[in-house]
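Commentary on secondary and tertiary structure
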Amino acid sequence: MKRKLISVILAAAMTVVSLAGCGSSTSAKASGELATENGESVSKKADKPVTIKFWNGFTGSDGDELVELVDKFNSENKYGINVEMDISASLDEQLASAFAAGDGPDLVLFSSASRFTYGDYLQDISDIFDKTDLKKDDFIEAYTDYCSEGDKLYLMPMEIVGFYLYWNKDLFKAAGLDPEKGPQTWDEYVEYAKKITDADKNVYGSGLCYGYNYQMAHTLQRFGDLAVTKGDDGKWKANFDGNSGYAKFLDTYKSLVDSGDNPLTDDTDSMMTAGQLGMTINGPWLTSGMDTAGINYGIKAIPTGDADKMSSAEVIGMAVTTLASEDAKQACYRFIEWWNSKDDNGECPSEKWSLDFGYPTYLKSVLESDAYKANDKVMSMTNTDTSLRADFIVDSAFPGIGKIISDVIPQMTQPVLFDNKDSGETLTECQKIADTIVGEYNE
Amino acid sequence: MSNTGAVTNTAEWEQKCSHPEYKRIQMKKNALSKTIKYLQSAEGSAYIFIFPSIILLMMFNIIPLLAAFGLSFFDVPITLDSAKFIGIENFKTAFSDARFVNSLKVTAIFTAIEVPVQVIGAMIIAAFISENNLKNKFFRAIYFLPVICSATAIGIMWKMILHSNVGFFTYALSSMGLGRINFFNDTHMAIFTVAFISIWRSFGISAIIYVTAIQNVNGSLYEAAKMDGAGSLRQFIDVTVPSIRPTFWFILMTRFAGSLQIFDIIYMTTNGGPNYTTESTVTYVYSRAFSSGSQMGYASTMSVILFAVIMIVTVIMNKRMNSEDM
């Protein structure tokens, strides 16, 4: 009887608590009582000391730092929020099976392109600017646009992954080139590659890599712009057939390989870190390997070919899943807010992440900070013109980006390199493949 | 009084016994006691012992297999949250998909290289190390080492050793005047390179199974052969090989099925390149399911086709093996 009575009391207490939570869920800026504009004190939804599940695929040294930062948040945040992180090398497989089973993380960190795969499981987080102290105009618009569909925001940028041109200064010097100045145009790139190549020393001037789809995509985009865009009729259209920029890239790559100025390999990273490549195109992660190997290198934006100026990038961001309750969602917002804000010591995790790993920032306030400006490496990757479009290989709203990168781009480069196929014919073939992909999204 | 009472009790008892509910309970009790008795028997307790394995087999083999069959008739994304029945459309697409057809061809070539070398090579090696002495035990351990290593580690290691420009082995060959061989990026050579790594990785297990079989061959057969003047080679061909035939078939069947499912080594070394010359069926299935398309239905269809191929090959081999036994 006594046990029954306690159960009833507890159940009643839980009901009251849950009803109280629901009733005040419309707005919550901070915990406790908040002052309104006219000075009145209103009761807003309190941040709950909840545990949120945070999944990502950062298995490298970046993962170690992420663990440290998450631990810091767990110990420092005043809301009692606990972020429980799960790092997996096979995040996609893990997410797919978890979502299918109705389980999974509250917060997930992945590429903005993943929103096309897991869109049904992501919440609109555009109200984060109302529910936290984050300022929308502090975020570079091109990157938040990349993570949005219309008015809905699905990811908050966390890391901007662009590709850059790296050159080995010592090899430049040995070839009689200015070691402080990388190539400004693709014609210069080809010219420099020829000068640097030294077959006797197994040194190649150029480091284009057919097996590296992302490198190929970033470079192709500089030559022939976006592979898929929206037509005047509002439908997606592929731009391969007759794309003179793409054809020019394929011919350039092929001639560099045939002349022996570019190795025929699916791994240029090892060669760059071994000091056997004069120039290559890659992401910021290459720098850690080159730093370790003691390579004296320079970084600059990839030369623009026939296409207009761009700042193509892949945006990695944090997304709140539909599995997160209102309280968990608010807790996720607090974590994202902490990540993008300065603490009492003036330290911002986002800025630290940029400087430690060499990723350009997506925050205008960080862009203005002295520490950021003083970092030559990260500044050389940063496009200070924040108005440049960030679309990467396809219009950022095109859901089939993954298929274009993995199914069409290899079909462009490899037949030209290995079967000596004509670049124009290859592009016509690619158009057919791309039309099938695009057609799926026009239905 | 007591007699009357007894009669009354008997009548009540009979009435109770004839009641359908009583009969039902009794039947249940009998069935339960029979089941308990059966489970306590030798045959019944065997089922108890294999019960955990059956559960695991159902969860991780049978149910996913049936699910894959089912999914192959649907257009379904990776998250399985929406499914559209499309009949045999996926099967039609598969046979008109040049990459899938190419992947079947690559898988067949890989199997044709890997299986004979593995099955015959491991048998020859096993013949040399079958005797139980310290040297042979050492070599058995060495040959078995790659079997216990992860495919990821093996893939990375060989990728570095055979790298076209910074690889140790490539450099050594180049120093000997053999030129710089592009093991992973030559469209004609890459499949052989991948097959070599796969053989290197798994031939240890085949060799150990052969060693066990060779050690079980009746010693008197060798003595008789010796007395007839047979040398070591003749003994191997006429005594060892016929005696270990069941083991040979077992290894042949398992290697065949394994080769047709090759994935990990390819994924770690060439990822299907160059120009799709090493893209096996499972590699392509993986790319369709996880890498880009998230087409779980189509990926399941290709898996079902591969399953059918493996099943046909295995059944044929099994029949051949059984006919030899008879």
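Residues numbered from 1 in each chain as written. Chains lettered and ligands numbered in written order. Predicted model: local features only at pLDDT ≥ 70, side-chain atom pairs only at ≥ 80, totals over all residues.

This part is about the overall build of chain A. Per the secondary structure count, chain A includes 19 helices and 15 strands. For chain A, the residues scored as buried account for 47% of the 443 residues in total. Of the contacts made within chain A by residues no fewer than 6 positions apart, 71% connect residues no fewer than 24 positions apart. (Helix = DSSP H or I, 4+ residues; strand = E, 2+ residues; numbered from the N terminus. Buried ≥ 20, exposed ≤ 12 C-beta atoms within 10 Å, placed from the backbone. Contact = placed C-beta atoms within 7 Å.)

Attention shifts here to helix 13 (residues 326–339) of chain A. The terminal C-alpha atoms of helix 13 of chain A lie 20 Å apart, and with 14 residues this matches the ideal 20 Å at 1.5 Å per residue to within 8%. Of the positions making up helix 13 of chain A, those classed as buried are Asp327, Ala328, Lys329, Gln330, Ala331, Cys332, Tyr333, Arg334, Phe335, Ile336 and Trp338 of chain A. (Expected span 1.5 Å × (residues − 1).)

Buried accessible area, meaning the area lost when the parts come together, often serves as the stated size of an interface. Of the residues lining the interface, 28 residues belong to chain A; the matching set on chain B comes to 22 residues. The set of elements that each furnish at least two residues to the side of chain A that touches chain B consists of helix 3 (91–100), helix 4 (115–118), helix 11 (269–273) and helix 18 (401–418) of chain A. Of all the elements, helix 18 of chain A adds the most residues to the side of chain A that touches chain B, at 7 residues.

So, on to the sheet that holds strand 3 (residues 51–56) of chain A. All names here are of chain A. In spatial order, the strands read 4-3-5-15-8; together these 5 strands make up an open sheet with mixed pairing. The outermost strands of the open sheet, each flanked by one partner alone, are strand 4 (82–87) and strand 8 (156–162). Pairs of neighbouring strands in the sheet enclose a mean axial angle of 20°, with direction left out of account. Two strands pair when backbone bridges link them, and strand 3 and strand 4 are joined in this way by 6 bridges, in the parallel orientation. Within the sheet, the bridge partner assigned to Thr51 lies in strand 4 and is Asn82. (Pairing = 2+ DSSP bridges. Axes fitted to C-alpha atoms, helices over the stretch in contact; angles between N-to-C directions.)

Taken as a class, soluble globular proteins show a tendency for nonpolar side chains to be buried jointly. Formed by 170 residues in total, the largest nonpolar core has its most connected members in Ile52, Cys332 and Ile404 of chain A. No other element matches the 12 residues that helix 9 (residues 190–215) of chain B contributes to this core. Ignoring sequence-local partners within four residues, the contact set of Ile404 of chain A consists of Ala227, Val228, Ile393, Val394, Ile409, Ala434 and Ile437 of chain A. (Core = buried A, V, L, I, M, F, W, Y, C linked by C-beta atoms within 7 Å.)

Residues and elements named next belong to chain B. Domain annotation of chain B identifies domain 1 (2–75) and domain 2 (84–325). Centre-to-centre separation of domain 1 and domain 2, based on C-alpha positions: 47 Å. In this complex, domain 1 contributes 7 residues to the contact, which on the side of domain 2 involves 11 residues. Where the side of domain 1 that touches domain 2 is concerned, the elements lending two or more residues are helix 3 (42–71) and strand 1 (74–75). (Domains from an automatic or database assignment.)

Residue and element names in this part refer to chain A. Domain annotation of chain A identifies domain 1 (47–162 + 314–381) and domain 2 (164–311 + 400–442). Just the C-alpha atoms count here: the centres of domain 1 and domain 2 sit 30 Å apart. Taken together, the contact pairs 10 residues of domain 1 with 9 residues of domain 2. It is helix 17 (residues 376–381) that contributes the most residues to the side of domain 1 that touches domain 2, 3 residues altogether.

Residues and elements named next belong to chain A. Helix 18 packs onto helix 10 (residues 244–258) with a crossing angle of 40° between their chain directions and a minimal axis gap of 10 Å. Considered as vectors, helix 10 and helix 18 are oriented oblique to each other. Both helix 10 and helix 18 take part in a crossing whose hand is right-handed. Taken together, the residues of helix 18 that come into contact with helix 10 (itself represented by Tyr246, Leu250, Tyr253, Lys254 and Val257) are Met412, Thr413, Val416 and Leu417. Per-class residue counts for the contact of helix 10 with helix 18 are 7 nonpolar, 1 polar and 1 charged. (Parallel < 35°, antiparallel > 145°, perpendicular 65-115°, else oblique. Left-handed = near helix turned anticlockwise from the far one by under 90°. Nonpolar A, V, L, I, M, F, W, Y, C, P; charged D, E, K, R; others polar.)

Now for the pairing of strand 8 of chain A. Residue and element names in this part refer to chain A. Counting buried positions over the 7 residues of strand 8 gives 6, a clear majority of the element. Of the pairings in the sheet, the one linking strand 8 to strand 15 (residues 313–320) comprises 6 bridges and is antiparallel in character. By the bridge assignment, Met156 is partnered in strand 15 with Met318.

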